[in-house]
Amino acid sequence: MAETVALVPVDGVEVTVVMDNSIDILAASTEAATRPAWRWDWNEGDQLRAEHGYSLAVTVHRNGNSDTILYDAGLTRDSTVHNLDVLGIDPKDLRAVVLSHGHADHHGGLEGLYGRVGSGSMPLVLHPHAWRERKIVFPNGEEIRMPPPSHQDLDREGWQVVEEIGPSLLLDESVLVTGQVERTTDFETGFPLQLAQAKEGWEPDTWIWDDQAVVIHVRGRGLVVLSSCSHSGVINVLHHARRITGVDTVHGFIGGFHLTGGLFEPIIPRTIDEIVLLSPDVVVPGHCTGWKALHTVAAAVPDAFSSSNVGTTFRFFATDDSGS
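Reading the values: rules and limits
- Residues numbered from 1 in each chain as written.
- Predicted model: local features only at pLDDT ≥ 70, side-chain atom pairs only at ≥ 80, totals over all residues.
- Heavy atoms only, no water.
- Helix = DSSP H or I, 4+ residues; strand = E, 2+ residues; numbered from the N terminus.
- Rg over C-alpha atoms; globule rule 2.2 N^0.38 Å.
- Buried < 20%, exposed > 50% of the residue type's maximum accessible area, 1.4 Å probe, protein only.
- Areas by Shrake-Rupley, 256 points an atom, 1.4 Å probe, with all protein chains shown as cover.
- Patch = residues over 30% accessible without salt bridge, like charges linked within 9 Å, V, L, I, M, F, W, Y side chains within 5 Å.
- Salt bridge = Lys/Arg side-chain N within 4 Å of Asp/Glu carboxyl O.
- Pairing = 2+ DSSP bridges.
- Axes fitted to C-alpha atoms, helices over the stretch in contact; angles between N-to-C directions.
- Polar contact = N/O pair within 3.5 Å; in protein donor to acceptor, adjacent residues only side chain to side chain.
- Contact = heavy atoms within 4.5 Å.
- Lys, Arg positive; Asp, Glu negative; His and termini not counted.
- Parallel < 35°, antiparallel > 145°, perpendicular 65-115°, else oblique.
- Nonpolar A, V, L, I, M, F, W, Y, C, P; charged D, E, K, R; others polar.
- Phe/Tyr/Trp six-rings, centres within 6.5 Å; stacked < 30°, edge-to-face > 60°.

> Which residues make up the overall build of the chain, and what are the values?
Check the secondary structure of the chain and you find seven helices and 18 strands. Its C-alpha radius of gyration of 19 Å places the chain within 12% of the 20 Å reference for a compact globule of 324 residues. Taking the principal axes of the C-alpha coordinates as reference, the chain spans close to 55 × 45 × 40 Å. In the chain, buried positions account for 56% of the 324 residues. Total accessible area on the chain is roughly 14100 Å²; 50% of this is exposed by carbon and sulfur atoms.

> Tell me what's going on with a nonpolar patch on the surface, and back it up with residues and numbers.
A cluster of nonpolar side chains, namely Ile-23, Ile-25, Leu-26, Trp-38 and Trp-42, defines an oily patch on the protein surface of about 560 Å² accessible area. Within the secondary structure, Trp-38 is located in the loop between strand E2 (33-34) and strand E3 (55-62).

> Provide a residue-level description of the sheet that holds strand E11 (residues 175-177), including the pertinent values.
Taken together, the six strands give an open sheet; going across it, the order is E10-E11-E14-E15-E16-E17, and neighbouring strands pair in mixed fashion. In the strand order of this sheet, the two ends are held by strand E10 (168-170) and strand E17 (282-286), each with one partner. Adjacent strand axes in the sheet meet at a mean angle of 20 degrees when their direction is disregarded. Pairing geometry for strand E16 (residues 250-256) and E17, over five bridges, is parallel.

> Pulling in residues and values, what's your account of the environment of Ser-174?
Residue placement: Ser-174 occurs in the loop between E10 and E11. For the pair Ser-174 and Thr-16, spaced 158 residues apart in the sequence, the C-alpha separation amounts to 18 Å. A distance of 2.6 Å separates a polar side-chain atom of Ser-174 from the backbone oxygen of Leu-171.

> Which residues make up unusual backbone geometry, and what values go with them?
Note: most residues except glycine have negative phi, and most peptide bonds are trans. Of note, the phi angle at Asp-172 is positive, near 55 degrees, even though the residue is not glycine. In this fold, Asp-172 is placed in the loop between E10 and E11. Relative accessible area serves as the criterion here: at 62%, Asp-172 is assigned to the exposed category. A positive phi is found at His-258, a non-glycine position, where the angle reads about 45 degrees. You can see His-258 is positioned in the loop between E16 and helix H6 (268-278). With a relative accessible area of 13%, His-258 lands in the buried category.

> For helix H3 (residues 110-117), give the residues involved together with the corresponding values.
Listed as buried for H3 are Leu-110, Gly-112, Leu-113, Tyr-114 and Val-117. Taken together, the buried residues of H3 touch strand E4 (65-71), helix H1 (79-87), strand E5 (94-98), helix H2 (104-107), strand E6 (123-126) and helix H4 (151-157).

> Give a description of the side chain of Arg-35 that names residues and reports values.
Within the secondary structure layout, Arg-35 lies in the loop between E2 and E3. At 7.5 Å, Asp-24 is the nearest oppositely charged side chain to Arg-35, a buried residue that forms no salt bridge. With sequence-adjacent residues up to four places away left out, Arg-35 is seen in contact with Ala-27, Ala-28, Ser-29, Ser-306, Ser-307, Asn-309 and Thr-312.

> I'd like to hear about the packing of helix H5 (residues 234-245) against H6, residue by residue, with values.
With their axes 9 Å apart at the nearest point, H5 and H6 run at an angle of 30 degrees to one another. The pairing of H5 with H6 is recorded here as roughly parallel in orientation. For the pair formed by H5 and H6, the contact residues are Val-234, Ile-235, Leu-238, His-239 and Arg-242 on the first element and Thr-271, Glu-274, Ile-275 and Leu-278 on the second. Within the contact of H5 with H6, the residues separate by chemical class into five nonpolar, two polar and two charged.

> How would you explain the packing of H1 against H3 if you had to name every residue and give the values?
Contact pair H1 / H3: the axes reach a minimum separation of 7 Å and the direction vectors enclose 50 degrees. The angle between H1 and H3 places the two elements in the oblique class. Residues Val-81, Leu-84 and Asp-85 of H1 lie in contact with H3, whose contacting residues are Gly-112, Leu-113 and Arg-116. Here the residues of the contact of H1 with H3 are counted per class, giving three nonpolar, one polar and two charged.

> Kindly report on the sheet that holds strand E8 (residues 143-146), identifying the contributing residues and their values.
With antiparallel pairing, the four strands of this open sheet are ordered in space as E8-E7-E12-E13. Of all the strands in the sheet, the pair left with one neighbour each is E8 and strand E13 (201-204). Averaged over neighbouring strand pairs, the angle between their axes works out to 35 degrees when direction is ignored. As paired strands, strand E12 (residues 194-198) and E13 are joined by four bridges and run antiparallel to one another. Residue pairing in the sheet places Leu-195 in a bridge with Pro-204 of E13.

> Outline the packing of aromatic side chains, listing residues and values.
Going through the model one piece at a time under the given rule, you end up with three aromatic pairs. On the numbers, 5.4 Å between centres and 90 degrees between planes, the contact of Phe-253 with Phe-257 is edge-to-face. The exposure class assigned to Phe-253 is buried, which follows from its relative accessible area of 1%.

> For the pairing of strand E14 (residues 214-218), give the residues involved together with the corresponding values.
The element E14 is extensively covered by neighbouring structure, given that five of its five residues are classed as buried. Here E14 shows no split at all, with Val-214, Ile-216 and Val-218 on one side and Val-215 and His-217 on the other all buried. Sheet analysis places E11 next to E14, joined by two bridges and oriented antiparallel. Pairing of Val-177 across the sheet is with Val-214, part of E14. Where E14 meets strand E15 (residues 222-227), five bridges bridge the pair, whose relative direction is antiparallel. Each bridged residue has a counterpart across the sheet, and for Val-218 the counterpart in E15 is Gly-222. Between E14 and E15, which follow one another and run antiparallel, lie three residues, and Gly-220 among them has a positive phi close to 80 degrees.

And the structure:
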């Protein structure tokens, strides 16, 4: 049984999609989603970029104060920091960076980010397995290397690396990093194509134990759960967040469902059925969700669904009549 944590409720949280797989400048704002503003000279100057990577800026509001952390840093060296500049988010104002797991499409931008933050002690929170050298071996024999972040480079650049297997708290105990997610469902069975380097050679690394989410409790609303790839399984992630916080209501979910390709598409119906049962107010599938799952989610929970576009900000604020 996972340990419980006392997560302090907040007045509100704003989640900005700094990097994701897609961008749509024609997408309209909604009650849940604020899209980037148009400019008269919209085709001039620096533009937002999209890539196969993920990064969220998470701003927490509590007792009149606001603080921002970054959840993941995208794939390429400079794209995430470029988008932060376009969005007007100063990297020097970040309080911490959380790494969801050790795949390169989530840590590749750390180098460029450090170049803007400079020397200091920016905390970088990760699971120890994020350092594992990995590869994916497809049934046809093709292999793809999945390089981890460089511990040596991060140390040289002055990052304050915080390794945690279990849950940890940031920003005066108002932001939960779940740590290792407990696997309890019978249909989310990891990634059998992945191997990790060990002393004796390559070994199965099916479970990707370093996969971790970020959770905020918005007072009177419930949990806002952010999960980058959900290698743990998105339902496992949501159940784990509820279990360790003791808060049953999921107000919002933003992140990848990892249901793309023939290996994962068979569990789309079961996954979406569980999402419907949890009944979140806002669902924002991103990154590695896959087009079939994306359309299935949109059809199953049309009032909750919102598309994830680079530059979009999702706002979740407390109810006026709740002090809990």
